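Listed here are the chains, written in short residue letters.
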Amino acid sequence: MDKLNRLNMIQGHILGNLSFPNDTSLSDYVQRGPSFNKTALHDFYYEIGLEYYKDLRPIFEQCPSLRHTNIFKLSKADKRKLIIEQLTEMKPKLNFDRKSHADNSLRGFVFGRLLFSFDMAFCVRLGVHSTLYIDSILSLGTEKHIPMLDKAFSLQEIGCFAMTELGHGSNVSGIATTATFIPETREFEINTPNSLATKWWIGAAGQTAVKSTVFAQLYVGGKNKGVHAFVVDIREKDTHNVKNGIIIGDCGGKFELDGIDNGFIIFKNYRVPYDSLLDGISQIDDKGHFISQIAKKEKRLGRMLSSLIRGRTSVTSASEANLKNALTIGIRWAAIRKQFGPPGKPEVPILDYQLTRNRLLPHLANLFAINAACEITFLQYDPIKNLMTADPECNEGVEFHAVLSAFKVLTSDWCFAGIHECRKICGGIGYSSHSRLGELLAKHDVNMTWEGDNYVLLQQTSAFIVKQIQKSLGGKKVSLKTLQMIETDFATVKKQKPCKDWLEIPELVKSFKILFNFILHKAMVKLQDNAGKAGTLFDAWNLSQPALQNLGRIFGIIIISERLVVKTESLKGKCAVLYDLISKMTKLFLVDKMLAYVPEMLANEYFNRNHLNELEGMFTGLCGELGESSARIIDAIAEEDFMFGSCIGRKDGQAYQHLANEIESQPDCYQAAPWIDVLKKLITP
Ligand SMILES: Cc1cc2nc3c(=O)[nH]c(=O)nc-3n(C[C@H](O)[C@H](O)[C@H](O)COP(=O)(O)OP(=O)(O)OC[C@H]3O[C@@H](n4cnc5c(N)ncnc54)[C@H](O)[C@@H]3O)c2cc1C
C-alpha cells in the first residue's frame, strides 16, 4: 500500500471519509399529522404494567454490556459468552424470586417483553431456564421440589427443558425416551432407546445447564404409563463435566440465535432418585403401585402441556417486541429516505408515497393488535392459572389454551410478515447487517415453530371450537365467553346483511362474527362430508384441516378486536386527537383483516361488489391518514436506540451518518484483501 493510501485509510478510520449535513427529515416528519401528546400515547400503549416498564427500563440502561455493537461479527462462542456476561451484570439488579413470581406475574411479563426488545437471543437464553425449566417444576412438581426452585430463581442452578427428540417434536406422545421404575432402589433408569429418541434442540443443554426437566415414557411394573416429567442433574455442579451415563453434544449451526447453546442429550442407563419424578399428577406408592389423579394417559399429557402456558405467551411478547423494533427502523428510514419527486421539485420521502403507506401501516395496526393480545394474556394469566391449580381440567383453562394458541399463531405470523416488509421498505440498506432487520427476521422465524408449530396449534384451537359446537348441536348451551358468537342455525346467519354503518368499528366486529359462522358452517359440512368418505376419524379430521385452520385465525382476530375496541373506547372523552387516531388504527386492523376474507363474504352473498370497493377505499384512506402520523406514533412507543441497536433507525434521524460511522469503523473497511495472493494466482496469465 502506498503512503497516500495508508494515510487515507488511517484518516478514514479516525475522521471518516463519509460525512453528511444534519438531516431534519425525520424530525420534520414527526411534526406532521394532527398533534398529540406522545407521553399520553406511550402510557396508553404500555397501560398494562406501566409502572413496571418505568421501573425496569433503567436497569437496561445501567448495564453497559447491554449494547448492540456488531454482534453479527462475533463467533458462536463469543455470542454465548457475551450473553452470560450480560446475565451476570443484570442478575443483581433483577430481584426476582419464587415469592415475587407467584405473587405478581405481570412484572415478569413486562421484564420478558423488555428483554425481547433488547435481544431475542438474550431473552430466550433466560426464558428456557425460567418459562420452561422453572415453570415445569412449578406446575408439575410438589413441595419437595421447592429447594431446587429457589436455586433456579437465584440462577445458582441453570436448567433446561428436554421434551423434543430428533424423531418427535409436535407429537409429544410419540417420544421414545424411557424412564423405568426400579422398585428395589426406588430409582428411575432413563434411557435413549435409539438415535431418533435423542433429545434434540434443548436450549442451554449444549454447554450451560446443570439440570434438566426430561420428558420420558414412564414404565412401572413393565407397563407404559405415558409421558411424565423428571428433573435430573445433567452436569456435575463443581466441574461442570457431563454426568456419567449422559452424552451431550451441540446441535450445530442455526439461522440465528447462536447465543443459545442448543444441545442434544443421550441417556444410557442413567439412574435418578424417585424424587426426580415431578409428581404433581402421578406418584408411585411404597408398594411400587402407580397412582394418578388423572386416569387417562392422553388427558395426563394434555394437562402437563397446557400448564406450560408461559412459553406460549412469551412468543406473543416476542412478536410485539420484534415487530415494534422492525417498524421503528422501517418507518424512520422511510421518513428519511428520499427517492423521486414531482418534476422540478425536491425528492420526497418514500413515506409520502401512498404505496409505502399501504405497505407499512397495516403492520403498525398489527402491532397495536399484538399489544392488545399481550394485554389479554397478562390480565388473564393469574386468575386462570389459579383456577387451573384448583381444577386442572376447568373450562376456563381449556378456553385459555385455545385462545393462547390462536394468539401465538397470529402474532408470530404477523410479526414475520411485518419485519420482512420493513426490510424491503429499507431497500438495499435493509439488507445490510447494520440495519439489523436480517437479524430480527432470522431470530423471529423460529417463533412460528417452537412452543407449538403454528399449524399444529391452530388444529388445537379449531378442535376446541368444533367440540363446543358439537355440544351446542347436542342441545347444550355454549357457556364459554369467547364462543357466545356461535350460531348453530345457518339460515339465521345467512339472513344477516351489512347495515348502513357497516364500516364503523362495532359493525366490522359484528361482520367478523358472521364470517366466523360462515367458516364454521363450511368447516362442519366438510367435516361431516369427510367423515362419510374417510374410513377413520383421523382421516376425516385430516382431510378437513385446510377448512378448519381459518376458524382458529378468525376466532383469535375477534378476541383481539374486542380488546382493541375496549382500549379505543377508554380514550373517549379524554383526548379527542388520540381517540381519533387509535380509532383509525383499530379500524385499519379490522379492514385489513377483512380484505383477506372478501371471497368468503362474496360467496355467502353478505358482501357485494360495492362493499369490496368501499372496503378497499377505506383501507387506502386509513393508510394515507395514519401514514402522516406514523413517525410520531413510532416516536411515542419505540424503545430507546440502544435497545434495538439499528444505526438507521435512531431517533435523531441521522441515519446516513450513523451508518457511515459504523461501516467505517469496521477493521476491514479499508483493508486490502488478506487473500490477495489467491487473487493474483487467478489473474496471472
Ligand atoms: C432453535 C430451537 C430451539 C428449541 N428449543 C427447544 C427446547 O429448549 N426444548 C425442547 O424440548 N424443544 C425445543 N425445540 C423444539 C421445538 O419445540 C420443535 O421444533 C417444535 O415443537 C416442532 O417440532 P418439530 O421440529 O419436530 O416439527 P414437526 O412436528 O416434525 O413438524 C414439521 C412440519 O409438519 C407439520 N405437521 C406436524 N404434524 C402435523 C399434522 N398433524 N397435520 C399437518 N401438519 C403437521 C408441521 O406444521 C410442520 O410444518 C427447539 C427448536 C428450535 C428450532
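Residues numbered from 1 in each chain as written. Predicted model: local features only at pLDDT ≥ 70, side-chain atom pairs only at ≥ 80, totals over all residues.

*Asks:* So what about the overall build of the protein chain? Which residues, and what values?
*Replies:* If you tally the helices and strands in the protein chain, you get 25 helices and eleven strands. For a compact globule of 685 residues, the expected C-alpha radius of gyration is about 26 Å, and the protein chain comes in at 27 Å, within 12% of that figure. Dimensions of the protein chain, computed from the C-alpha atoms along their principal axes, are close to 90 × 75 × 60 Å. Residue burial in the protein chain is summarised as follows: out of 685 residues, 44% are buried. Contacts in the protein chain between residues far apart in sequence, at least 24 positions, make up 74% of those at least 6 positions apart. (Helix = DSSP H or I, 4+ residues; strand = E, 2+ residues; numbered from the N terminus. Rg over C-alpha atoms; globule rule 2.2 N^0.38 Å. Buried ≥ 20, exposed ≤ 12 C-beta atoms within 10 Å, placed from the backbone. Contact = placed C-beta atoms within 7 Å.)

*Asks:* Can you tell me about the UniProt feature "binding site: FAD" (unreviewed entry) in the protein chain, naming the residues and giving the values?
*Replies:* UniProt tags Thr-164 and Gly-203 as "binding site: FAD" (unreviewed entry). In three dimensions, the annotated residues from a span of 40 residues occupy one location, with a maximal C-alpha spread of 10.7 Å. Among the secondary structure elements, Thr-164 is positioned in the loop between β1 (159-162) and β2 (178-182). When the 19 C-beta atoms within 10 Å are taken as the criterion, Thr-164 is described as partly exposed. Those residues in contact with Thr-164 that sit more than four places away from it in its chain are Gly-169, Lys-199, Trp-200 and Trp-201. As for its placement among the helices and strands, Gly-203 is situated in strand β4 (residues 199-203). For Gly-203, a count of 24 C-beta atoms within 10 Å gives the class buried. When neighbours within four sequence positions are excluded, Gly-203 is seen to be in contact with Val-124, Val-128, Cys-160, Ile-260 and Asn-262. (UniProt positions renumbered as here; feature names shortened; annotations may be inferred.)

*Asks:* Report on the site of the ligand, specifying residues and quantitative values.
*Replies:* Neighbouring residues of the ligand: 19 residues in total, closest Met-163, Thr-164, Gly-169, Ser-170 and Trp-201. If you list the elements that add at least two residues to the shell around the ligand, you get β1, β4 and α16 (454-473). Considering every element that reaches the shell around the ligand, the biggest residue donor is β4, with three residues. Taken together, the residues that form the shell around the ligand break down as eleven nonpolar, six polar and two charged. (Near = placed C-beta within 6 Å. Nonpolar A, V, L, I, M, F, W, Y, C, P; charged D, E, K, R; others polar.)

*Asks:* Explain the pairing of strand β5 (residues 211-220) residue by residue, including any values.
*Replies:* By the criterion of burial, β5 is predominantly enclosed, with eight of the ten residues buried. Across four bridges, the pairing between β1 and β5 is parallel. Within the sheet, the bridge partner assigned to Gly-159 lies in β5 and is Lys-211. In this structure, β2 lies alongside β5, joined through three bridges in parallel fashion. If you follow Thr-180 over to β5, its bridge partner there is Tyr-219. Here β5 runs beside strand β6 (residues 223-233); their pairing, made up of nine bridges, is antiparallel. Note on β6: the bridge partner recorded for Val-220 is Lys-223. (Pairing = 2+ DSSP bridges.)

*Asks:* So what about unusual backbone geometry? Which residues, and what values?
*Replies:* Its identity is not glycine, yet Phe-340 carries a phi of approximately 60°, on the positive side. Tracing the backbone shows Phe-340 in the loop between α11 (309-336) and α12 (354-390).

*Asks:* Help me get a handle on the sheet that holds strand β8 (residues 262-267), residues and values and all.
*Replies:* Overall, antiparallel pairing links the three strands, which are arranged β4-β8-β7 in an open sheet. The sheet is open, and its two borders are formed by β4 and β7 (246-250), each paired with just one other strand. In this sheet, adjacent strand axes meet at a mean angle of 35° when their direction is disregarded. Of the strand pairs in this sheet, β4 and β8 are connected by three bridges, and their pairing is antiparallel. What sits directly across from Lys-199, in β8, is Ile-265. (Axes fitted to C-alpha atoms, helices over the stretch in contact; angles between N-to-C directions.)

*Asks:* Got a sec to walk through the UniProt feature "active site" (unreviewed entry) in the protein chain? Specific residues and values, please.
*Replies:* Residues annotated by UniProt as "active site" (unreviewed entry) correspond here to Glu-451. With respect to the helices, strands and loops of the structure, Glu-451 is situated in the loop between α15 (437-445) and α16.

*Asks:* Kindly report on the environment of Ala-372, identifying the contributing residues and their values.
*Replies:* Within the secondary structure, Ala-372 is located in helix α12. For the pair formed by Ala-372 and Phe-416, sequence separation is 44 residues and the distance between their alpha carbons is 18 Å. Filtering out sequence-adjacent residues up to four positions away, Ala-372 remains in contact with Ile-560, Arg-563, Leu-564 and Lys-567.

*Asks:* If you had to explain helix α13 (residues 395-425) to someone new, which residues and values would you point to?
*Replies:* Note that an α-helix has 3.6 residues per turn; residues three or four places apart therefore point the same way. Here α13 is 31 residues long and its end C-alpha atoms lie 45 Å apart, about the 45 Å a rise of 1.5 Å per residue gives. A large share of α13 lies buried, amounting to 22 of its 31 residues. Following α13 by one or two positions, Gly-427 has its phi on the positive side, about 55°. (Expected span 1.5 Å × (residues − 1).)

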